[in-house]
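# Coordinates in review
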Amino acid sequence: MKEPIDIVRKYNSIPKIYRFTFWCTFLAGMLAHFYILTNKLPTFDDMLCLNSFGGSFTLGRWFLGVLGLVKYKLLGNYSMPMLNGTLAIFFIAIFACLVNAALKNNNILIAVLTGVMLVVFPTIAGNLSFMFTGYYYSIAMVLLGAGVLLISQGKKVWMLISGGFLLTLSLAIYQAYYPLGIGLFLIVLIVDTLKGEDKYSELFKRALWYLAGLLLGLLFYFPLNQFWLRIMHTEMGTHKGLDHMSQISLRELPKRIILTYKAFLKMLSQNYYGITGNMWIRVAIILLLAGALFLLIRRSIWLITKKKYLICVLLWVILLLFPVGIHSIYLMVEEQYLYTLMIYADVLLFIFPLILGEKLLVYEKAEGKSTMTTCIINWLFALMVLFSVVFYIYQDNAAYLEAELSLSSAKSYYTTLITQIKSLEGYSEEMEVVLIGENQDSTIYEIRKEFFQDVEIGGIYETDRVVKGIDRMRFMKYYCGYDQKVTEDITDFKADDWQNMPNYPEDGSLKIVGDKIIVKFSDE
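This section reports on the structure supplied with the text.

Definitions and cut-offs
- Residues numbered from 1 in each chain as written.
- Predicted model: local features only at pLDDT ≥ 70, side-chain atom pairs only at ≥ 80, totals over all residues.
- Heavy atoms only, no water.
- Helix = DSSP H or I, 4+ residues; strand = E, 2+ residues; numbered from the N terminus.
- Buried < 20%, exposed > 50% of the residue type's maximum accessible area, 1.4 Å probe, protein only.
- Contact = heavy atoms within 4.5 Å.
- Lys, Arg positive; Asp, Glu negative; His and termini not counted.
- Charge placed at Lys NZ, Arg CZ, Asp CG, Glu CD.
- Polar contact = N/O pair within 3.5 Å; in protein donor to acceptor, adjacent residues only side chain to side chain.
- Core = buried A, V, L, I, M, F, W, Y, C linked by side-chain atoms within 4.5 Å.
- 1 Å grid on protein atoms, 1.4 Å probe; cavity = no way out; pocket = protein on both sides within 12 Å on 5 of 7 lines; lining within 4 Å.
- Points joined across faces, edges and corners; volume = space filled by probe spheres on them.
- Nonpolar A, V, L, I, M, F, W, Y, C, P; charged D, E, K, R; others polar.
- Axes fitted to C-alpha atoms, helices over the stretch in contact; angles between N-to-C directions.
- Parallel < 35°, antiparallel > 145°, perpendicular 65-115°, else oblique.
- Left-handed = near helix turned anticlockwise from the far one by under 90°.
- Phe/Tyr/Trp six-rings, centres within 6.5 Å; stacked < 30°, edge-to-face > 60°.
- Lys NZ or Arg CZ within 6 Å of the ring centre and 35° of its normal.
- Salt bridge = Lys/Arg side-chain N within 4 Å of Asp/Glu carboxyl O.

## Observations concerning the overall build of the chain
Per the secondary structure count, the chain includes 21 helices and four strands. Out of the 524 residues in the chain, the part that is buried amounts to 54%. Long-range pairs, those at least 24 residues apart, make up 79% of the contacts in the chain with a sequence separation of at least 6. Of note, the chain has its 46 positive side-chain charges centred 16 Å away from the centre of its 44 negative side-chain charges.

## Remarks on the side chain of Asn105
Relative to the helices and strands, Asn105 is located in the loop between helix 6 (81–102) and helix 7 (108–120). Here the side chain of Asn105 touches Asn100 through a polar contact of 2.8 Å, side chain to side chain. Those residues in contact with Asn105 that sit more than four places away from it in its chain are Ile17, Asn100, Ile110, Ala111, Ile355, Glu358 and Lys359.

## Considerations on the nonpolar core
Membership of the largest hydrophobic core comes to 139 residues, with the highest contact counts inside it found for Phe95, Ile173, Tyr344, Val347, Leu348 and Tyr392. Those residues in contact with Val347 that lie beyond four places of it in its chain are Met117, Leu118, Phe121 and Leu180. Judged by nonpolar contacts, the second largest core, of 24 residues, contains Ala410, Leu424, Val433 and Phe521.

## Quick notes on empty space enclosed by the protein
Throughout the structure, instances matching the rule amount to two cavities of 30 Å³ or more. Space inside the second largest cavity adds up to approximately 40 Å³. Taken together, Ile36, Asn39, Lys40, Leu41, Pro42, Asp46, Ser79, Pro81, Leu128, Ser129 and Met131 form the lining of the second largest cavity. The class makeup of the residues in the lining of the second largest cavity is six nonpolar, three polar and two charged.

## So, the packing of helix 5 (residues 62–74) against helix 9 (residues 134–153)
Helix 9 packs onto helix 5 with a crossing angle of 130° between their chain directions and a minimal axis gap of 11 Å. Here helix 5 lies oblique to helix 9, going by the angle between them. Helix-helix and strand crossings are classified by hand; for helix 5 and helix 9 the assignment is right-handed. Where helix 5 approaches helix 9, its residues Phe63, Leu64, Leu67, Gly68 and Lys71 are matched on the opposing element by Tyr135, Tyr136, Tyr137 and Leu143. Its residues assigned to classes, the contact of helix 5 with helix 9 comprises seven nonpolar, one polar and one charged.

## Details of the packing of aromatic side chains
Within the structure shown, the criterion is met by 33 aromatic pairs. Aromatic pair Trp23 and Phe26: ring centres 6.1 Å apart, planes at 85°, arrangement edge-to-face. A residue pair is termed a helical-turn pair when its members lie 3 or 4 positions apart in one helix, as Trp23 and Phe26 do in helix 2 (residues 16–32) at three residues. Centroid distance Phe121 to Tyr344: 6.0 Å. Interplanar angle 45°. Geometry classified as tilted. Placement of the pair is Phe121 in the loop between helix 7 and helix 8 (122–129) and Tyr344 in the loop between helix 16 (329–332) and helix 17 (348–366), with a sequence separation of 223 residues. Judged on exposure class, the residue Phe121 and its partner Tyr344 are both buried. Directly above the ring of Trp302 sits Arg299, whose terminal nitrogen or CZ lies 3.8 Å from the centroid. In this arrangement the basic side chain of Lys516 is found over the ring face of Phe493, its NZ or CZ atom lying 5.8 Å from the centre.

## Comments concerning the environment of Val333
For Val333, the position within the fold is in the loop between helix 16 and helix 17. Look at Val333 and you get buried, because its relative accessible area is 4%. Spatially, the C-alpha atoms of Val333 and Ser152 are 27 Å apart, while their sequence positions differ by 181 residues.

## Describing the pattern of salt bridges
A complete count under the given rule lists 14 salt bridges for this structure. For Asp492, the salt bridge is made with Lys516, and the minimal N-O distance between the two is 2.6 Å. With Asp492 in the loop between strand 2 (486–487) and strand 3 (510–513) and Lys516 in strand 4 (residues 516–520), this residue pair connects regions lying 24 residues apart in the sequence. Of the residues examined, Asp492 reaches a relative accessible area of 56% and is grouped as exposed. Residue classification places Lys516 among the buried positions, given a relative accessible area of 13%.

## A word on the packing of helix 12 (residues 200–231) against helix 15 (residues 309–326)
Taken N-terminus to C-terminus, the directions of helix 12 and helix 15 make an angle of 25°; their axes are 9 Å apart at the nearest point. Classified by the angle between their axes, helix 12 and helix 15 sit roughly parallel to one another. Between helix 12, through Tyr200, Leu203 and Phe204, and helix 15, the contact on the second element is made entirely by Leu310, Ile311 and Leu314.

Here's what the structure looks like:
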């Protein structure tokens with residue numbers, strides 16, 4: 001049996017770069033997201049999933065279903081902020097180590113910046129707002145990172161197959177991380193191409209090897225998905241177009257590819273799903289991309305002078321594929337369904353320049369060249385990423401503040417409604433409350449009008465959506481302690497019973513009809 005000291009020795013045998021990366025990522029994540037870890041800030045889905053892991057088998061997320069069912073039987077799946085959030089950040093810290101290993105990064109500063117960016121990116125704030133399932137999504141990241149690492153550094157077929165299956169498991173928890181895997185493979189290829197030491201044929205075979213790994217991930221995923229649908233006696237749902245994920249036509253493909261490039265350009269000019277809601281973050285991204293482009297052009301000229309023409313062509317083909325790769329979510333689902341959680345691959349726009357600059361610096365030193373220009377640009381990259389990290393921490397916490405204010409508003413709103421219900425003449429707690437229509441109350445204050453215009457993170461709702469769009473019945477039960485039966489079923493009423501009533505909060509918008517209480521929000 002091993003003694004405690006053996007565990008310490010085992011830990012110390014881990015390369016310093018991964019120990020630094022893990023702890024810096026974990027601590028940065030805990031500090032950046034401490035607000036949501038220590039407060040219960042529910043989303044719409046949290047009303048449905050207070051003790052659930054969310055949609056799974058019907059959404060093609062069969063491995064999420066398997067993990068969720070096992071945990072549900074053992075401990076339940078309660079939406080607990082501190083425990084679930086800490087687990088999520090823990091797994092992201094592991095993912096950060098896997099990313100640095102896959103990208104063959106040996107610079108501790110670059111590794112730490114990469115990890116911190118991965119954990120503060122707005123997608124993670126969105127994940128944590130779905131606290132009941134966010135840590136499962138972080139497990140999907142770990143599986144993705146392990147798959148990419150195994151495929152990118154593997155030389156044997158069993159490693160390719162194993163890596164492909166890990167990608168499948170990641171897909172089967174959350175499909176939207178697949179583009180992140182594509183982007184990581186493309187960065188590895190770009191870095192290897194820039195080195196200029198490998199033959200064109202070797203680089204091309206390596207590209208085919210990575211492609212095979214990605215395709216294996218899909219090849220395993222779809223039949224296994226059908227298998228689990230049969231096992232669970234269910235069918236794919238229509239949520240966000242997931243039932244059509246593999247059914248894009250060849251005729252539609254060029255249009256979708258164009259959308260990937262438009263998405264890439266959109267980030268530089270406007271708010272892109274909460275990622276670039278502020279002018280300064282767009283400036284940072286532009287500077288990162290401009291510096292990367294300069295280094296790539298300069299290195300391409302070097303490849304040409306060395307008469308490595310085919311390698312130079314391959315490099316620019318891969319670079320042209322990079323925007324398609326990281327935005328390949330547009331090839332998986334329709335644009336109308338996208339939101340912050342589904343564009344995590346865009347974090348590579350910050351990581352790619354860091355890795356690119358560091359690798360070119362190593363190559364140039366080995367070749368005996370002057371590295372002054374590359375060093376200056378590398379410091380620019382580091383400063384821009386550091387600025388972006390600080391900006392995203394600020395934005396994440398502004399989103400959490402908005403969520404808390406929205407929650408407080410919703411509690412106040414529905415507490416007032418419950419008071420009015422109980423104040424009706426003839427009220428009885430045995431009566432059923434029937435909510436009719438969608439809330440169109442113009443007196444609801446939208447907190448985003450005050451100072452949250454740039455905060456649009458998927459999962460973080462603004463006030464009017466919390467009050468109007470949240471699951472009203474469960475919200476009144478969980479957050480207002482109201483256990484009277486509340487429904488939206490109007491089948492027992494005649495049209496005359498409610499259509500002539502004014503809309504809430506007007507006088508007369510609540511009334512008792514028989515043994516039921518009507519609350520009319522609108523005619524819809």
